[in-house]
Amino acid sequence: WREICPDLAIRSTFIVGFPGETEAEFEELLTWIREAKLERVGCFEFEPVAGAVANGLGDLVPPEVKAERKRRFMEAQAAISLRLQRAKVGRRLSVIIDEAGPTVARGRSKADAPEIDGTVHVASRRPVRPGDIVTVKVLEVDVARKRIALTRRLHDTPAADAPKPERTHPASRRDGGKPPAPAA
């Protein structure tokens, strides 16, 4: 699917420790997640729910095994996320601004869910407002936190599909920046 739509962001949630889950089945899940390289993944441990059919599907997985599988699963996903996020450095992305400050705004890419995924920090020389959609160039990725936060700076050129502004910097003019001669 990435060849068809390289900017596709897929999100999913997985259960570990489902009744009857074997170590081999869990290893198969780890292999699959490494191959699929999903962008946004969550994981939780199975917990019996009163009246659920799943409660009788097999032996319950011990709590310590469920916790260990969740840890291993999230470690595998963290490595995938790190590689995917680092691949964004140098690329341009559209970001919707959620909060604007005097020099730095906070927003999210179209792949980021509010209050769930990481945030995009936008340093801008131009004022931005909440709700603005801006094009940014990714300068660095901060993965020090569990929620991956991308740090991006507003690129002061319009989006690729926007009309090109006239260049007004004197060095860009053919006349070397000299004012036109007065009309006679």
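To be clear, the structure that these remarks concern was listed above.
In this report, the structure presented in the accompanying data block is examined. (Residues numbered from 1 in each chain as written. Predicted model: local features only at pLDDT ≥ 70, side-chain atom pairs only at ≥ 80, totals over all residues. Heavy atoms only, no water.)

**Points about the overall build of the protein chain**
Looking only at helices and strands, the protein chain features 2 helices and 7 strands. Counted from the first residue to the last, the protein chain has its helices and strands arranged as β-α-β-α-β-β-β-β-β. Burial analysis of the protein chain (184 residues in total) assigns 28% to the buried set. For the protein chain, the computed accessible surface area is about 12400 Å², with 57% contributed by carbon and sulfur atoms. (Helix = DSSP H or I, 4+ residues; strand = E, 2+ residues; numbered from the N terminus. Buried < 20%, exposed > 50% of the residue type's maximum accessible area, 1.4 Å probe, protein only. Areas by Shrake-Rupley, 256 points an atom, 1.4 Å probe, with all protein chains shown as cover.)

**Thoughts on the nonpolar core**
Of all hydrophobic cores here, the largest spans 13 residues; its most connected members are Phe14, Phe26, Leu29, Ile33, Leu38, Val41 and Phe73. Those elements that place two or more of their residues in this core are β1 (11-16), α1 (23-36), β2 (40-45) and α2 (63-86). Here the element with the most residues in this core is α1; it accounts for 5 residues. Discounting residues that sit within four places of it in the chain, Leu29 has contacts with Phe14, Val16 and Phe73. Counting residues in hydrophobic clusters, the runner-up holds 11 residues, among them Ala105, Val120, Val122 and Val141. (Core = buried A, V, L, I, M, F, W, Y, C linked by side-chain atoms within 4.5 Å. Contact = heavy atoms within 4.5 Å.)

**Topic: α2**
An α-helical turn contains 3.6 residues, so any two residues separated by three or four positions project in the same direction. Here α2 is 24 residues long and its end C-alpha atoms lie 34 Å apart, about the 34 Å a rise of 1.5 Å per residue gives. Residues of α2 that are buried include every one of Lys66, Arg69, Phe73, Ala76, Gln77, Ile80, Ser81 and Gln85, and no others. (Expected span 1.5 Å × (residues − 1).)

**Let's talk about the packing of aromatic side chains**
With the rule as written, the count across this model stands at 3 aromatic pairs. A ring pair is formed by Phe14 and Trp32, whose centres lie 6.1 Å apart and whose planes are at 55°; its orientation type is tilted. Taken as a pair, Phe14 in strand β1 and Trp32 in helix α1 lie far apart in primary sequence, 18 residues in all. With a relative accessible area of 14%, Phe14 lands in the buried category. Taken together, the ring pairs connect Phe14, Trp32 and Phe73 into an aromatic cluster. (Phe/Tyr/Trp six-rings, centres within 6.5 Å; stacked < 30°, edge-to-face > 60°.)

**Description of the pattern of salt bridges**
Applying the stated criterion across every chain yields a total of 13 salt bridges. The partner of Asp112 in a salt bridge is Arg40, with the nearest N and O atoms 2.3 Å apart. Of this pair, Asp112 sits in the loop between β4 (104-109) and β5 (120-123) while Arg40 sits in strand β2; the two residues are 72 residues apart in sequence, bridging distant segments of the chain. Since its relative accessible area comes to 6%, Asp112 is described here as buried. For Arg40, a relative accessible area of 10% corresponds to the buried category. Where Lys66 meets Glu47, a salt bridge forms, and the shortest distance between an N and an O atom there is 3.7 Å. (Salt bridge = Lys/Arg side-chain N within 4 Å of Asp/Glu carboxyl O.)

**Observations regarding the environment of Arg34**
Relative to the elements of secondary structure, Arg34 occurs in helix α1. Separated by 46 residues in the primary sequence, Arg34 and Ile80 place their C-alpha atoms 7.0 Å from one another. For Arg34, the residues in contact, after removing those within four places along its chain, are Ala76 and Ile80.

**Brief notes about the packing of α1 against α2**
Here α1 crosses α2 at 15°, and the two axes come no closer than 10 Å. Here α1 lies roughly parallel to α2, going by the angle between them. Crossing hand, α1 versus α2: right-handed. Seen from α1, the contacting residues are Glu23, Phe26, Glu27, Leu29, Leu30, Ile33 and Arg34; seen from α2, they are Arg69, Arg72, Phe73, Ala76, Gln77 and Ile80. Of the residues assigned to the contact of α1 with α2, the class counts are 7 nonpolar, 1 polar and 5 charged. (Axes fitted to C-alpha atoms, helices over the stretch in contact; angles between N-to-C directions. Parallel < 35°, antiparallel > 145°, perpendicular 65-115°, else oblique. Left-handed = near helix turned anticlockwise from the far one by under 90°. Nonpolar A, V, L, I, M, F, W, Y, C, P; charged D, E, K, R; others polar.)

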